[in-house]
Amino acid sequence: MEKIRERFKQNKPSCESVRLRKRSSILYSTDINKPQTLQIFGVSLTVFSVVFRLLNCVLLQTSFVPDEYWQSLEIPHRMILNIFLTYGYETWEWKAGIRGYSYPLLFALMYKLLHLMNYDTVYLLVFVPRVFQALLAAYADVKLYHLVLQWETPDVAKWTYFCQLCSWFTWFCCTRTLTNTMETVLTTLALCFFPLPGSKTHHSWKYLSLVSLAVVVRPTALIVWLPLLFYHFCVEQNKLKLITQRCVPIAALALGVSTLIDSVFYGKWILVQWNFLKFNVLHNVAVFYGSHPWHWYFTQGLPVVIGPHLPLFLHGCSLATKKHRILLITILWTTAVYSLLAHKEFRFVYPVLPFCMIFSGMSLAKLQAWRKPAAAALLLFNLIPALYTGLIHQRGSLDVMHDLQHLCDPSDSQSSPELLFLMPCHSTPLYSHLHCPLKLRFLECPPDLTGNKEYVDEADVFFSNPLHWLQTSFPSQSTLPSHIVLFDCLEKEISSFLEENRFARQAEIFHTHFPEGRVGRNILIYTREDLH
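Model, not experiment: these values are computed from the prediction.

(A) Highlighting the nonpolar core. Counting 113 residues, the largest nonpolar core has Phe-169, Leu-327, Leu-404 and Phe-421 as the members making the most contacts within it. Discounting chain neighbours no more than four positions away, the residues touching Phe-169 are Phe-64, Val-305, Phe-346, Arg-347, Tyr-350 and Leu-353.

Set out below in structure tokens:
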């Protein structure tokens, strides 16, 4: 017994600290909650995103819709640079008070800064706002990755980011100066702070502030956020505090500042958001610019915007769990509400595209043997439309303005040139891409706001009988413009007028491989021979 007792004494545990072997299993890791840093080609995610979107900005050399100039870049010239207004310069939307100045004011401040630095060249005036949009898009890409990283697995986050960068429509839109682009960026950033089920990054003040900004920029942003706001209200424990201390103060501040800015520039008290709702929804004025059947967004609009991601998106929807339900509801709700409006455009559903990329990322993460072939196919099938629409399709609208810039040089042209654009209204930008007080005229097409059923806009009057319009508008040689810009599909109809008044073709500029209606394959510039 004594021997046994001595052995226990020798084996008595020491009071000294004992070093434990470090567990390699992730279950014992203390860094499990730290966000993982993704590197691409040896650089950080942020650096890669910025470089990628700047490259996106440089390789986007085409036009999309008139609003990317006429609701943004054209307005700062009147606000800050004091470019002389000419015939038809101010569109009906600004005259009717349905467009706010908050978004153009952002570019006006950039213009003013360039002007004070004596760097207000045409190139910088056009390129700097687009670089700004590119940087915002890059930031939204990074935040979307981090959102999914916190909400899902690192694999899903990685493939969501891949899908976001591959998206041809995001490439086509994200660096344009469109209100839809800013709406999409703000919606993505707001989603990163929204209390999604299981998310740990929610912050009511931040997401509500971003939603308010999105609504100020484009009131239709509220359509996307209505189901999300309702969900937040339902899950919030202190509903009264959410409404009285969060929603109301933030919304009131955003609406107050927006109203003040708009009232200053309009020169009268005005509520742009109400006018926007009244004209576009209650009076349905937008139908003047075209209409589509109710199912268009489901059968064409959203599938085209999602593009080659569509099979992955549908597969991702089938993998959705209860926590993903709110995003699916938001996508369906937004598409359904926009389907009720007669006037439809692809860009209107752009704000829900990042939501769709999350489901596409879930699909790629789920695939095993087919993951690499699917990713390669996705990249290829998005690359083709991205490069074609960014470099080739509808580039003439910008190239023709570049060709006309030499008229701003007094030593390189006759005194006071006058330009006439015989094209569908707002086919090209104007002063934002010329930056000099030339006398310009284009065909106007404002909708009728008086209820006159026999109303016909100037553009329709012209295209119904081009020769008659030209002869009545320019009865003598002294009233003729020095330059005429037109699509080639119109050339044959007005050839007698051009020959009679000694106009000669100066340039032919490619525009599109898919001419349609009043839009031709090429843009022509005619100049009066006696002015050479």
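Here the narrative resumes, following the displayed structure.
(B) Structural detail: the sheet that holds strand 5 (residues 483-487). Strand order in the open sheet made by the five strands is 4-3-5-7-6, with mixed pairing throughout. With partners counted over all chains shown, the strands left at the sheet margins are strand 4 (439-442) and strand 6 (503-510), one partner each. The average undirected angle you get between the axes of adjacent strands in this sheet is 20 degrees. Examined bridge by bridge, strand 3 (residues 418-422) and strand 4 share four bridges and lie parallel to one another. Bridging from a neighbouring strand, Phe-421 pairs with Phe-442 of strand 4.

(C) The arrangement of the UniProt feature "transmembrane region" (unreviewed entry) in the protein in detail. The positions that UniProt labels "transmembrane region" (unreviewed entry) are, in the present scheme, residues 121-140, 207-230, 250-274, 294-314, 326-342, 348-367 and 374-392. Secondary structure across residues 326-342 divides into 82% helix and 0% strand, with the first and last C-alpha atoms of the span separated by 26 Å. When the span residues 348-367 is considered, its composition is 70% helix and 0% strand, and the gap between its end C-alpha atoms is 31 Å.

(D) A look at the packing of helix 11 (residues 221-235) against helix 16 (residues 325-339). Helix 16 packs onto helix 11 with a crossing angle of 140 degrees between their chain directions and a minimal axis gap of 8 Å. As helix 11 runs across helix 16, the sense of the crossing is right-handed. Contacts from Ile-223, Val-224, Leu-226, Pro-227, Leu-228 and Tyr-231 in helix 11 reach Ile-326, Ile-329, Thr-330, Trp-333, Thr-334, Val-337 and Tyr-338 in helix 16. In terms of residue class, the contact of helix 11 with helix 16 is built from 11 nonpolar, two polar and no charged.

(E) Structural view of the pairing of strand 3. Across the five residues of strand 3, four count as buried, placing the element largely inside the fold. Bridge count between strand 3 and strand 5: four bridges; the pairing is parallel. Residue pairing for strand 5: Leu-419 is matched across the bridge by His-483.

(F) Structural view of a nonpolar patch on the surface. Taken together, the side chains of Leu-255, Leu-271, Trp-274, Leu-277, Val-281 and Leu-282 define a hydrophobic patch exposed on the protein surface, amounting to about 520 Å² of accessible area. Examining the composition of the nonpolar patch, we find that four residues originate from one element, helix 13 (residues 272-282), more than from any other. By the secondary structure assignment, Trp-274 is in helix 13. Residue Trp-274 is classed as partly exposed on the basis of its relative accessible area, which comes to 42%.

Conventions and cut-offs
- Residues numbered from 1 in each chain as written.
- Predicted model: local features only at pLDDT ≥ 70, side-chain atom pairs only at ≥ 80, totals over all residues.
- Heavy atoms only, no water.
- Core = buried A, V, L, I, M, F, W, Y, C linked by side-chain atoms within 4.5 Å.
- Buried < 20%, exposed > 50% of the residue type's maximum accessible area, 1.4 Å probe, protein only.
- Contact = heavy atoms within 4.5 Å.
- Pairing = 2+ DSSP bridges.
- Helix = DSSP H or I, 4+ residues; strand = E, 2+ residues; numbered from the N terminus.
- Axes fitted to C-alpha atoms, helices over the stretch in contact; angles between N-to-C directions.
- UniProt positions renumbered as here; feature names shortened; annotations may be inferred.
- Left-handed = near helix turned anticlockwise from the far one by under 90°.
- Nonpolar A, V, L, I, M, F, W, Y, C, P; charged D, E, K, R; others polar.
- Patch = residues over 30% accessible without salt bridge, like charges linked within 9 Å, V, L, I, M, F, W, Y side chains within 5 Å.
- Areas by Shrake-Rupley, 256 points an atom, 1.4 Å probe, with all protein chains shown as cover.
- Salt bridge = Lys/Arg side-chain N within 4 Å of Asp/Glu carboxyl O.

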